[in-house]
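# Breakdown of the fold
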Amino acid sequence: MSGTNVIRLNSKWMEGSGPNQDIVISSRVRLARNIKEIPFPHLLPENREREILDMVKNIVEGKVIGNQGGAFEVTNLLELSTLEKWVLVEKHLISPEHAQSNGPKGVALRVDEAISIMVNEEDHLRIQCLLPAMQLNEAWHLANQVDNFIEESIDFAFDREKGYLTSCPTNVGTGMRASVMLHLPGLVLTRQANQVFATMSQIGLTVRGMYGEGTEASGNLFQLSNQVTLGVSEEDIISHLSSVTLQIIEQERYARKALMKEGGEQLEDRVWRAYGVLSHARIITSREAMGLLSELRLGIDQGLIKGIDARIFNTLIVLTQQAFLQKTAGVELSPFQRDLKRAEIIRTKLTEKLGGEKND
Amino acid sequence: MLCDRCKQRPATVHFTKIINNEKYEQHLCEECSKEISQFAFGSHQGFSLNKFLANLINYDPSFGGVELGYRAERCDNCGLTYTQFTQGGKLGCNHCYQAFENKLDPLLKRIHSSRIHKGKVPERAGGKLKVEKEIESLRNELQRLVGREEFEKAAEVRDKIKELEKKLAG
């Protein structure tokens, strides 16, 4: 079985609808959990890791949690090709580290891909809920539900004082990392982004690139997440991150308004140029595509470009990633072939959405 | 030659990759090459939190002054030694938190806002713990109410605490 689940086109978060969808691309809550008395994955021999994977499979496979979204399917990563694993990374369903690890590691995915559970990553279980737009509360409630469901069958490593015990001491306590992926072209163009980010660490939050730890920010996309997990409740973390996010949203809207007011023609020219290149280019690198897609999205959000659904951005930023491209093509592609394929996919998607109508 | 990526700075780093007889060249400036190497497909070499943590424990005098005897200290359950922890930044099992408590506590205090968990308690296993936590938070609430001289509400909270304490004892 070559992972039917990974070639699914859309994850729930890529639909892109919800509160503040013009700026917040997705909301995520991740809970780290370990099984009592069993050494953490990095100390476990393969046979014991397999036992844990089987245990999780017995608990969640085929189950529907929360009356929607479909049932869980558990996949052993050993059954997937490298490419398929990287597709999961590009859809944010597993971490890059998990994709690169060997041995009986696994992932449990709900059909709508709003919930993924990494098995034997740094911790035995990493329950993750990923929803479109600004839905941090919803993501936390969903993650909490899944956590409760699994806890009916597993004794988690928990200490009254220290909370949920995790492999890395930076996750102990709630074991929770909540994050939002933000699209902030306004703050970047007005050169305020770095200033805003610098203040984040002072209030206990971290800013990262699109694919988390150690990745580059591209397409003006940034991930904002909590740093502290011990000494604060889950609700505190969510409400703190939410209120800071709302502030940033306001700043971004303000920056966009200023751009429209002070450089409306330049901005209009810029976003239409982005559209022009995207809809006609024959060769395009990932970096160029991400930058132009971001500008296109800005143009649509500001009403400068009409007739294209803004959420095409959410789909294309994943479809044009390198593993996804190769998966779609069905063969391995050289970097140059990828740039050709990427340009083709973007062109097709853009004209599809326009329905052949003239837009200007 | 200008950098392929930023097209501004001169290219000083030259890559040649040959995959399936296909030659792929890239000319980058130093800054771009650094950024790119952080997230190269299949060779993730980004910043590692665990390594960072390990270095913090190893080089910070407030952790590094660990006496030799302690370095050999071992967790009875999983066998991880303290030295191994300082090297990898990862603990071995739930017992490690007790085994290395003396050394971990200052670290936790530095990373987090407090050393005491205030969040969720497991629904099933934590039944008793949950009641204890609830009593604790009610006690805080009681103090607040008394401070604000809202005695009627305080009395209600006090009764609730008594009820929960009975539940714990029984």
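Our structure's up above, just so we're on the same page.
Residues numbered from 1 in each chain as written. Chains lettered and ligands numbered in written order. Predicted model: local features only at pLDDT ≥ 70, side-chain atom pairs only at ≥ 80, totals over all residues. Heavy atoms only, no water.

### Concerning the interface of chain B and chain A
Selection rule: Contact criterion: two residues are considered in contact whenever any of their non-hydrogen atoms come within 4.5 Å of each other. Buried surface area refers to the total accessible area, computed with a probe of radius 1.4 Å, that the two partners give up upon joining, counted for both partners together. Salt bridges are defined as contacts in which a side-chain nitrogen from Lys or Arg sits within 4 Å of a carboxyl oxygen from Asp or Glu. By the criterion applied in these results, polar contacts are pairs of N or O atoms within 3.5 Å in which, for protein atoms, one can donate a hydrogen and the other can accept it, and in which residues neighboring in sequence qualify only through two side-chain atoms. To qualify as a helix, a DSSP run of H or I must reach at least 4 residues; to qualify as a strand, a run of E must reach at least 2; elements of each kind are numbered from the N terminus.
Each partner contributes residues to the interface: chain B has 52 residues there, and chain A has 56 residues. Note on chain B versus chain A: buried area summed over both sides is about 4800 Å², and carbon and sulfur give 57% of it. At the junction of chain B and chain A, the tally comes to four salt bridges. As a salt-bridge pair, Arg160(A) and Glu136(B) come within 2.9 Å of each other at their nearest N and O atoms. Counting across the interface, chain B meets chain A through 20 residue pairs in polar contact (both at pLDDT 80 or more). Elements represented by at least two residues in the side of chain B that touches chain A include exactly strand 2 (22–28), strand 4 (43–44), helix 2 (49–59), helix 7 (101–111) and helix 8 (127–147) of chain B.

### Remarks on unusual backbone geometry
Residues and elements named next belong to chain A. Counted only if it meets this: Partly exposed describes any residue whose relative accessible area lies between the buried limit of under 20% and the exposed limit of over 50%, with all areas from a 1.4 Å probe on protein chains only and scaled to the type maximum.
For Asn-20, which is not glycine, the phi torsion reads 55 degrees and is therefore positive. Turning to its location among the elements, Asn-20 is positioned in the segment before strand 1 (24–33). For Asn-20, a relative accessible area of 24% puts it in the partly exposed group. The backbone phi angle of Asn-120 is positive, close to 65 degrees, even though this residue is not glycine. Tracing the backbone through its elements, the reader meets Asn-120 in the loop between strand 4 (115–119) and strand 5 (125–132).

### Quick notes on helix 4 (residues 136–151) of chain A
For an α-helix, the turn length of 3.6 residues means that residues three or four places apart are oriented alike. Let me state the cut-off plainly: A helix is expected to span 1.5 Å multiplied by its residue count minus one.
The end-to-end C-alpha separation of helix 4 of chain A is 22 Å, in line with the 22 Å expected for 16 residues at 1.5 Å each. Among the residues of helix 4 of chain A, Leu136(A), Ala139(A), Trp140(A), Leu142(A), Ala143(A), Asn144(A), Val146(A), Asp147(A), Asn148(A), Ile150(A) and Glu151(A) are the ones counted as buried.

### Side note on the packing of helix 2 (residues 82–90) of chain A against helix 10 (residues 322–329) of chain A
All names here are of chain A. Rules: Note on geometry: axes are C-alpha line fits, over the in-contact stretch for helices, and angles between N-to-C directions span 0 to 180 degrees. Roughly parallel means an angle under 35 degrees; roughly antiparallel means over 145; roughly perpendicular covers 65 to 115; every other angle is labelled oblique. Crossing handedness: left-handed means the near helix sits turned counterclockwise from the far one by under a right angle, and right-handed means the same turn made clockwise. Amino acids outside the nonpolar list (Ala, Val, Leu, Ile, Met, Phe, Trp, Tyr, Cys, Pro) and the charged list (Asp, Glu, Lys, Arg) are all regarded as polar, and Gly is one of them.
One way to put it is that helix 2 packs onto helix 10 with a least axis distance of 8 Å and a crossing angle of 130 degrees. Classified by the angle between their axes, helix 2 and helix 10 sit oblique to one another. Classified by chirality, the crossing of helix 10 by helix 2 is left-handed. Seen from helix 2, the contacting residues are Leu-83, Glu-84, Trp-86, Val-87 and Glu-90; seen from helix 10, they are Gln-322, Ala-323, Phe-324, Gln-326 and Lys-327. Looking at the contact of helix 2 with helix 10, its residues break down into five nonpolar, two polar and three charged.

### With respect to the pairing of strand 5 of chain A
All names here are of chain A. Condition: Strands are treated as partners if at least two bridges between them are detected by DSSP.
Counting buried residues in strand 5 gives eight out of eight residues, a clear majority hidden from the surface. The side-chain alternation of strand 5 yields two buried faces, one formed by Leu-125, Ile-127, Cys-129 and Leu-131 and the other by Arg-126, Gln-128, Leu-130 and Pro-132. Pairing analysis gives eight bridges linking strand 1 to strand 5, with the strands arranged antiparallel. Residue pairing across strands places Ala-32 opposite Arg-126, the latter belonging to strand 5. A loop of five residues connects strand 4 with strand 5, the two strands running antiparallel in sequence, and Asn-120 in this loop sits at a positive phi of about 65 degrees.

### What about the side chain of Ser225(A)?
All names here are of chain A. Take Ser-225: it is sitting in strand 10 (residues 221–226). Residue class for Ser-225 comes out buried when judged on its relative accessible area of 3%. Excluding its chain neighbours within four sequence positions, the residues that come into contact with Ser-225 are Arg-177, Ala-178, Ser-179, Gly-204, Leu-205, Thr-206, Arg-208 and Leu-241.

### Comments concerning the packing of aromatic side chains
Residue and element names in this part refer to chain A. This is how the line gets drawn: Aromatic rings from Phe, Tyr and Trp, taking only the six-membered ring of Trp, are treated as a pair when their centres fall within 6.5 Å; an angle between ring planes under 30 degrees marks them as stacked, one over 60 as edge-to-face, and anything in between as tilted.
Tallied over the full model, the rule gives six aromatic pairs over all chains. Ring plane angle 70 degrees and centroid distance 6.4 Å describe the contact between Phe-156 and Tyr-164, whose orientation is recorded as edge-to-face. Judged by its relative accessible area of 4%, Phe-156 is buried. Here the aromatic cluster, defined as three or more aromatic residues joined through ring pairs, consists of Phe-156, Phe-158 and Tyr-164.

### Details of the nonpolar core
All names here are of chain A. In plain terms, the rule: Here, the term nonpolar core denotes a set of buried Ala, Val, Leu, Ile, Met, Phe, Trp, Tyr and Cys residues that are joined through side-chain atoms within 4.5 Å.
In this structure, Val-29, Val-60, Ile-117, Ile-150, Leu-224 and Ile-248 are the most contacted members of the largest nonpolar core, which totals 57 residues. Filtering out sequence-adjacent residues up to four positions away, Ile-150 remains in contact with Ile-59, Val-60, Ile-117, Leu-125, Ile-127 and Phe-156. Ala-274, Leu-292, Ile-312 and Leu-316 belong to the second-largest nonpolar core, a separate cluster that totals 50 residues.

### Quick look at empty space enclosed by the protein
All names here are of chain A. Stated precisely, the cut-off is as follows: A pocket, in this scheme, is an open set of points on a 1 Å grid over the protein atoms alone with protein on both sides within 12 Å along at least 5 of 7 lines, while a cavity is a set where a 1.4 Å probe fits but cannot get out; residues line either one if an atom lies within 4 Å of a point. Grid points are joined across faces, edges and corners, and a volume is the space filled by probe spheres set on the points.
A full pass over the atoms with the stated rule returns two cavities of 30 Å³ or more. When its volume is computed, the largest cavity comes out at roughly 60 Å³. Residue lining of the largest cavity: Trp-13, Ser-26, Arg-28, His-92, Leu-130, Ser-179, Val-180, Met-181 and Gln-223, and that is the complete set. Only strand 1 and strand 8 (176–183) provide two or more residues apiece to the lining of the largest cavity. Of all the elements, strand 8 adds the most residues to the lining of the largest cavity, at three residues. In this structure, the second largest cavity occupies an estimated 40 Å³ of space. The wall of the second largest cavity is formed by Leu-182, Leu-184, Phe-197, Met-200, Val-207, Phe-222, Gln-223, Leu-224 and Ile-248. Among the elements of the structure, helix 6 (193–200) and strand 10 are those that each provide at least two residues to the lining of the second largest cavity. With three residues, the top contributor of residues to the lining of the second largest cavity is strand 10. For the lining of the second largest cavity, the per-class residue count stands at eight nonpolar, one polar and no charged.

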